[in-house]
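Commentary on secondary and tertiary structure
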Amino acid sequence: MYASREDIGYDFGDDSKAGSKPIKPNPNIDGGWAWMIVLSSFLVHILIMGSQMALGILNMEWLEEFNQSRGLTAWVSSLSMGITLIVGPFIGLFISMCGCRKTAIIGGILNALGWILSAYASNVHYLFLTFGVTAGVGSGMVYLPAVVMVGQYFQKRRALAQGLSTTGTGFGAFLMTALLKYLCTEFGWRNAMFIQGAISLNLCVCGALMRPLSPKDVVSEKYVVRSNSGDNQAKALSHSAETVKSKGVLSEEPEKKQEATNEEVLDSVQHIEIGGKSRSRRDMYGLRILKTVSQLTVTVRKGFAIWYSSYFGAASLFTNRVFVAFIIWALFAYSSFVIPFIHLPEIVKQYNLSSQNNIFPLTSIIAIVHIFGKVILGIISDLPCISTWNVFLIANFTLVTCILTLPLMQTYVSLAVVCALIGFSSGYFSLMPVVTEDLVGTKHLANAYGIIICANGISALLGPPFAGWIYDITHKYDFSFYISGLLYMVGIIFLFIQPYIQKKRPREKSTEEAQV
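In this report, we go over the structure that sits alongside the text. Here the structure is a predicted model, which is why all the values come from computation and not from measurement. (Residues numbered from 1 in each chain as written. Predicted model: local features only at pLDDT ≥ 70, side-chain atom pairs only at ≥ 80, totals over all residues. Heavy atoms only, no water.)

Looking at the packing of helix H2 (residues 55-66) against helix H8 (residues 168-187)
H8 packs onto H2 with a crossing angle of 30° between their chain directions and a minimal axis gap of 8 Å. Relative to H8, the element H2 is oriented roughly parallel. The residues of H8 that touch H2, namely those facing Ile57, Leu58 and Glu61, are Thr177, Leu180, Lys181 and Cys184. Among the residues forming the contact of H2 with H8, the class breakdown is 4 nonpolar, 1 polar and 2 charged. (Axes fitted to C-alpha atoms, helices over the stretch in contact; angles between N-to-C directions. Helix = DSSP H or I, 4+ residues; strand = E, 2+ residues; numbered from the N terminus. Parallel < 35°, antiparallel > 145°, perpendicular 65-115°, else oblique. Contact = heavy atoms within 4.5 Å. Nonpolar A, V, L, I, M, F, W, Y, C, P; charged D, E, K, R; others polar.)

So, the packing of helix H1 (residues 34-53) against helix H7 (residues 158-166)
Any two packed helices are characterised by how steeply their axes cross, that is the angle between the axes, and by the distance between the axes. Where H1 meets H7, the axes come as close as 7 Å, and the angle between the chain directions of the two elements is 35°. For the pair H1 and H7, contact is made by Trp35, Val38, Ser41, Phe42 and His45 and by Ala161, Leu164, Ser165 and Thr166, respectively. The residue makeup of the contact of H1 with H7, split by class, is 5 nonpolar, 4 polar and no charged.

Here we look at helix H18 (residues 388-405)
End to end, H18 covers 26 Å across 18 residues, agreeing with the expected 26 Å (1.5 Å per residue, within 8%). In this structure serine 387 caps H18, since a side-chain oxygen of it lies 3.3 Å from the backbone nitrogen of tryptophan 389. (Expected span 1.5 Å × (residues − 1). Polar contact = N/O pair within 3.5 Å; in protein donor to acceptor, adjacent residues only side chain to side chain.)

Some remarks on the environment of glycine 107
Mapped onto the elements, glycine 107 comes out in helix H5 (residues 100-118). Along the sequence, glycine 107 and valine 142 sit 35 residues apart, while their C-alpha atoms lie 5.3 Å from each other. If we ignore the near neighbours within four places in the chain, the residues touching glycine 107 are Gly138, Met141 and Val142.

Quick look at the packing of aromatic side chains
Two aromatic rings, taken as a pair, are described by how far apart their centres are and by the angle between their planes. Applying the stated criterion across every chain yields a total of 12 aromatic pairs. For the ring pair phenylalanine 42 and phenylalanine 171, a centre distance of 5.9 Å and an interplane angle of 65° mean the geometry is edge-to-face. In this pair, phenylalanine 42 is assigned in helix H1 and phenylalanine 171 in helix H8, connecting sequence segments 129 residues apart. Look at phenylalanine 42 and you get partly exposed, because its relative accessible area is 21%. Relative accessible area serves as the criterion here: at 39%, phenylalanine 171 is assigned to the partly exposed category. Cation over ring: arginine 211 sits above tryptophan 33, and NZ or CZ is 4.2 Å from the ring centre. (Phe/Tyr/Trp six-rings, centres within 6.5 Å; stacked < 30°, edge-to-face > 60°. Buried < 20%, exposed > 50% of the residue type's maximum accessible area, 1.4 Å probe, protein only. Lys NZ or Arg CZ within 6 Å of the ring centre and 35° of its normal.)

Written as structure tokens, this is what we have:
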């Protein structure tokens, strides 16, 4: 595995610059305002992910209010959680055009609107549109910028920062569950959703805190000194990043040419505006509108060009084979984490452990240890002698082992131990942005991580129904764990062996060239 994140590099830029003297760092990198970004991301995770973890309270209210089947009603929360992640690639387009701050503020407004409109729902299908789609898209527009901004502001302590910010999910699950339960009891579920919509407007404040770095600070990331470690897999993963570079991802020359053309257009507009001072105010107003439209067009075209080349260009992110393996892994990972929450009550009931579980629920053990797991794994990954990639893979192997062995446990103590391991090892979620950034670089983090969370969203959307389908056929919960665990294992193995394949191919190519 690679020895450190620096072995991979943060940019697909010129290798000749890799060993250059670094530019004077911004004091806000790894300190200063960077911790305000962590606070902003932490609050975003509380308000978005925490609220989604607490939707079971509202789901019971919807079942009683609309008198629909459990399967149909469950699609409301599933749509909201799934769409939040699935829209990731399209949110990357917004970030390319508008930046993280504007995208997050717009998303906060849209999320609050979804909650408020849902308070007037007359049926479940109405909630599909207002809560599932509207609030879901709004959540996605805030969630992705919150993760990306932490990646931009941190270099040395990136894993710890991501770990601290994502603990908001665990805290939010407790806070929002208690809050929604209280609001539903005191004011009814409709007023509770209206109040929650007002609270969600604080996402706009979180977005406002996402102050963008200056271009000079972003460029300075190119001058990260790479480690000279002899680790073979480090070279393999570094090569996977260079593969994208060598094929010309986001070539700078066309961008410069287009920027020059666009600047000429804007200069001509400014020249007309200056030359027309003697004209009427109506003409000047029209010129200002033309200038604004021209600037907006330039921004949109540039953002779309970056987004399109990342996904569909001749040298897209998909030319990075390790990154493609990462996507395949993400398709199976999230559902395997969700399944224990679905079937644990059945396990407890089957083994007559309800009295002990009521004192300290097994799901609460997972949630609490999950918080500590994110922070501890982040601290370990930031140690100079520890590989983030190794920590990530070990945590995944531990989680899949626990998923496969959990149905074999028959006592409360053994189940509690396995659940604690599940909670701790699933803390690798905080490392996902770090690993993604190591593979593709800071510049492409928004688009790349958008693809990863989209794969997670598909897994979250289809995983629980798939587990229920297996249970309906076999009438045993065990098979849900075994099948999802085996699929998850396939994804991990594919992710594990891909760097070795990536390393072997350049050697084969060089051998063929030598023979020629």
